[in-house]
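One-letter residues, chain by chain:
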Amino acid sequence: MKEVYLVNAKNLKIMNRQNTALTALSDKLAPLQGKMEIILSLAAIAGLGLKMCQLPFGGILLILSLSTLSTIYFMGAYCSPNPEEKAMNNFMNKLKSFGLSVSVIGILFLIQNWPGLNNILLIGCATLLVTSIYGFIKTQDINSIIKPVIILIISFVLFFIPKEELRKLHIN
């Protein structure tokens, strides 16, 4: 029994070092996030256009751009918390980053017609909906919720469009 405790303590130290490393990396990438979002969004739009025209590499460009964008949003959850904000606000910011990441992966799954897309999209949309409402009520600032609302709208629209319509457009 004592060995299990030592192994768990060792694993806890390793996880703590990994979280510290992720936080340091995320803090370094934070100033570049806006530029990377724009570039990757444009690449995703280009990939979608290529896929709709049935040209080569459209799917690959979509996969690379959307998965990288999702990773950037995921890394945003590991930014150092703002000590001036309340713990609940910091938690909601982390939850918003996770929701953005999951929603972008759900959009990728939908466009590529991979299994599990409904669950991923619903989880991402629900998370973004909750964090957007909370963010608007707390801050009354539209600028803080623009990005989540845009991705939420895209997710909802793609979720409720019939699959046959997406196939006609060569999206699915």
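Calculation notes
For every chain, the first residue of its written sequence is number 1, and the numbers climb from 1 along that sequence. Local features in a predicted model are, by the rule used here, given only for residues with pLDDT of at least 70; side-chain atom pairs are given and counted only at 80 or more, and totals for whole chains, interfaces and linings are based on all residues. Note that water and hydrogens are dropped before the side-chain values are worked out from all heavy atoms of the structure. Secondary structure elements are taken from DSSP: a helix is a run of H or I of four residues or more, a strand is a run of E of two residues or more, and numbering for both begins at the N terminus. For each residue, the accessible area found with a 1.4 Å probe, counting protein chains only, is set against the maximum for its type, and the residue is called buried under 20%, exposed over 50%, and partly exposed in between. Contact definition: two residues touch when any of their heavy atoms are within 4.5 Å. Each accessible area value is a Shrake-Rupley result obtained with a 1.4 Å probe; residue values ignore everything except the protein chains displayed when judging cover. Patch membership requires over 30% relative accessible area and the absence of a salt bridge. Like charges are linked within 9 Å, and nonpolar side chains (Val, Leu, Ile, Met, Phe, Trp, Tyr) within 5 Å. Salt bridge criterion: a side-chain nitrogen from Lys or Arg within 4 Å of a carboxyl oxygen from Asp or Glu. In plain words, nonpolar cores are sets of buried Ala, Val, Leu, Ile, Met, Phe, Trp, Tyr and Cys residues tied together by side-chain atoms within 4.5 Å. For a helix, the expected span equals 1.5 Å multiplied by the number of residues minus one. Only Phe, Tyr and Trp rings take part, Trp by its six-membered ring, and two of them pair if their centres are within 6.5 Å. Stacked means planes under 30 degrees apart, edge-to-face means over 60, and tilted covers everything else. Whenever a nitrogen or oxygen atom comes within 3.5 Å of another N or O atom, the pair is scored as a polar contact, on the condition that within protein one atom can donate a hydrogen and the other can accept it, and that pairs from neighbouring residues in sequence are kept only if both atoms are in side chains.

**Focus: the overall build of the protein**
Here comes step 1: Scanning the protein from terminus to terminus reveals seven helices and zero strands.
Here comes step 2: Reading the helices (α) and strands (β) of the protein from amino to carboxyl end gives α-α-α-α-α-α-α.
Here comes step 3: The burial tally for the protein puts 30% of its 172 residues in the buried class.
Here comes step 4: Here the analysis covers contacts within the protein between residues at least 6 apart in sequence; of these, 66% occur between residues at least 24 apart.
Here comes step 5: With an accessible surface of roughly 10,900 Å², the protein has 71% of that area assigned to carbon and sulfur atoms.

**Considerations on a nonpolar patch on the surface**
Here comes step 1: A grouping of F136, I142, I146, I150 and I154 is seen on the molecular surface, where their side chains present a nonpolar patch of about 410 Å² in accessible area.
Here comes step 2: The residue I154 is located in helix α6 (residues 146-160) in this model.
Here comes step 3: By relative accessible area, which is 40% here, I154 ends up partly exposed.

**Comments concerning the nonpolar core**
Here comes step 1: L66, Y73, V104, I107, L110 and I151 are the most contacted members of the largest nonpolar core, which totals 23 residues.
Here comes step 2: Elements supplying a minimum of two residues to this core: α2 (33-52), α3 (58-76), α4 (87-112), α5 (117-139) and α6.
Here comes step 3: For this core, the element with the highest residue contribution is α4, accounting for six residues.
Here comes step 4: When residues no more than four places from it in sequence are discounted, the contact partners of Y73 are Q33, E37, S97, L100, S101, V104, K147 and I151.

**Re α6**
Here comes step 1: Relative to the 21 Å expected for 15 residues at 1.5 Å per residue, α6 spans 21 Å between its end C-alpha atoms, a close match to the ideal helical length.
Here comes step 2: Looking at the buried residues of α6, the elements they touch are α3, α4, α5 and α7 (163-168).

**Section: the pattern of salt bridges**
Here comes step 1: Scanning the entire structure with this criterion turns up two salt bridges.
Here comes step 2: As a salt-bridge pair, K147 and E37 come within 2.9 Å of each other at their nearest N and O atoms. Here K147, found in helix α6, pairs with E37, found in helix α2; they are 110 residues apart in sequence, far enough to count as distant.
Here comes step 3: For K168, the salt bridge goes to E165, with nearest N and O atoms at 3.5 Å.

**A few points about the packing of aromatic side chains**
Here comes step 1: Under the criterion given, the structure shown has five aromatic pairs.
Here comes step 2: Between F74 and Y78 the ring centres are 5.6 Å apart and the planes differ by 65°, which places this aromatic pair in the edge-to-face class.
Here comes step 3: Among the residues examined, F74 registers a relative accessible area of 33% and is labelled partly exposed.
Here comes step 4: Where F109 meets W114, the ring centres are 5.2 Å apart and the plane angle is 85°; that geometry is what we call edge-to-face.

**Let's talk about the side chain of S132**
Here comes step 1: Structurally, S132 is set in helix α5.
Here comes step 2: There is a polar contact of 2.7 Å between the side chain of S132 and the backbone oxygen of L128.

**Points about unusual backbone geometry**
Here comes step 1: Its identity is not glycine, yet Q54 carries a phi of approximately 60°, on the positive side.
Here comes step 2: Following the sequence through the fold, Q54 ends up in the loop between α2 and α3.
Here comes step 3: Phi is positive for N113, which is not a glycine, with a value near 60°.
Here comes step 4: Within the secondary structure, N113 is located in the loop between α4 and α5.

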